[in-house]
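# Summary of the model geometry
The lines below spell out each chain.
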Amino acid sequence: MPEPDRLLRVTAISIRRAEGAPVNRAISKSLIGRARAVPLALLPQVEGVRQVGVGYRELADALRNRIQDGTYRAESTLPRQEDLARDFAVNINTVRQAVRLLEAEGLVTAVRRRGTVVRSRPRMKRLGVERYAKSKWKFGGLVAFAADREASGRPWAPSDQTNKTRLTAADAEVAEAFGLSEGDLVYERARLVKDAGTPTHALTSYYRPDDVANTPLVDPAPGPAGRGGGFAVLTVQGLEPDTIAETLHSRMPTPGEIEVLEIPPGEPVVVLHRSTFTASGRLVEFARGVHRASHFSWTYKFQIPD
């Protein structure tokens with residue numbers, strides 16, 4: 001049995017006369033003065049004391065604290081719900097609500113035949129401007145996702161990225177980005193990136209056909225499009241990337257994203273829109289990415305403008 005939770009804050013306690021027994025005033029005064037530190041599981045053992053107002057949110061606080069302080073480690077299983085109800089002196093429905101709240105926060109997930117498992121949250125640096133430095137892709141042959149891996153001290157292999165390419169009709173968003181008409185043909189290059197076998201994000205880029213036809217950017221082979229990736233290919237085509245604009249927002253994933261990225265219940269995604277321009281201002285790539293929120297720490301370093 002776990003040690004009674006010493007971190008749980010009791011929001012309200014009621015001291016009243018027990019049936020047929022006098023209230024211990026000294027205990028009452030002591031407990032009121034120390035309400036924030038009273039272990040919930042001990043309250044029923046104190047004569048004349050009844051806890052009230054302690055619900056699923058307070059229980060979720062206690063379990064969250066245990067996850068964050070390492071008492072419940074990543075990939076470990078929480079105690080059975082019946083055991084939690086007993087240890088924290090609450091009913092089973094309160095436990096279920098607390099666990100659902102932790103699931104919505106992305107801290108735990110239900111695994112068949114295992115129970116409620118604490119999710120691993122291996123955050124990887126997702127660099128800002130540094131990931132696109134020309135010293136990496138133009139002179140070092142290092143693509144952006146690999147730059148993130150190396151900055152995070154993690155290994156990577158070309159096979160961590162899969163590719164699907166096709167000539168397709170531009171949707172409204174892609175057409176607007178390129179100044180085309182909806183339905184005009186563009187090349188689509190969809191990548192799925194994994195870290196140690198676990199999907200971390202999907203990124204789909206769009207290009208004008210004349211810019212990338214018969215280049216490695218339309219080759220569906222796994223891995224980057226050659227040394228230096230797509231930016232190096234565009235440079236060879238006379239379209240060297242010079243300026244990037246990125247827009248980010250978060251939302252809950254679609255059913256398709258849940259399946260492809262293997263997203264557990266409660267985890268949001270970060271959606272990225274990236275536009276890449278030449279020095280003359282010509283758009284050469286428009287990309288849409290969907291990133292699992294629990295896998296990245298978005299890191300930016302920049303000089304403050306005047």
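The following refers to the structure shown.

Reading guide: rules and limits
Residues numbered from 1 in each chain as written. Predicted model: local features only at pLDDT ≥ 70, side-chain atom pairs only at ≥ 80, totals over all residues. Heavy atoms only, no water. Helix = DSSP H or I, 4+ residues; strand = E, 2+ residues; numbered from the N terminus. Buried < 20%, exposed > 50% of the residue type's maximum accessible area, 1.4 Å probe, protein only. Contact = heavy atoms within 4.5 Å. Areas by Shrake-Rupley, 256 points an atom, 1.4 Å probe, with all protein chains shown as cover. Expected span 1.5 Å × (residues − 1). Polar contact = N/O pair within 3.5 Å; in protein donor to acceptor, adjacent residues only side chain to side chain.

### With respect to the overall build of the chain
Helix and strand content of the chain: 10 helices and 12 strands. For the chain, the proportion of its 306 residues judged to be buried stands at 42%. For the chain, contacts bridging at least 24 residues in sequence account for 63% of all contacts bridging at least 6. Carbon and sulfur atoms make up 52% of the accessible area of the chain, which amounts to about 16300 Å² in all.

### With respect to helix H4 (residues 92-104)
For H4, which comprises 13 residues, the first-to-last C-alpha distance of 19 Å matches the rise-based estimate of 18 Å (1.5 Å per residue) to within 8%. Turning to H4, its buried residues number three or more, namely Thr94, Val95, Ala98, Val99, Leu102 and Glu103. Measuring from the side-chain oxygen of the N-cap residue of H4 to the backbone nitrogen of asparagine 93 gives 3.0 Å; that N-cap residue is asparagine 91. Looking one or two residues beyond H4, the residue adopting positive phi is glycine 106, at roughly 80°.

### As for helix H6 (residues 144-151)
An α-helical turn contains 3.6 residues, so any two residues separated by three or four positions project in the same direction. Burial runs high along H6: 6 of the 8 residues are buried. Those residues of H6 not exposed but buried are Ala144, Phe145, Ala146, Ala147, Asp148 and Arg149. Taken together, the buried residues of H6 touch strand S5 (124-127), helix H5 (134-137), strand S6 (161-169) and strand S7 (185-195). Downstream of H6 by one or two residues, glycine 153 has phi in the positive range, about 70°.

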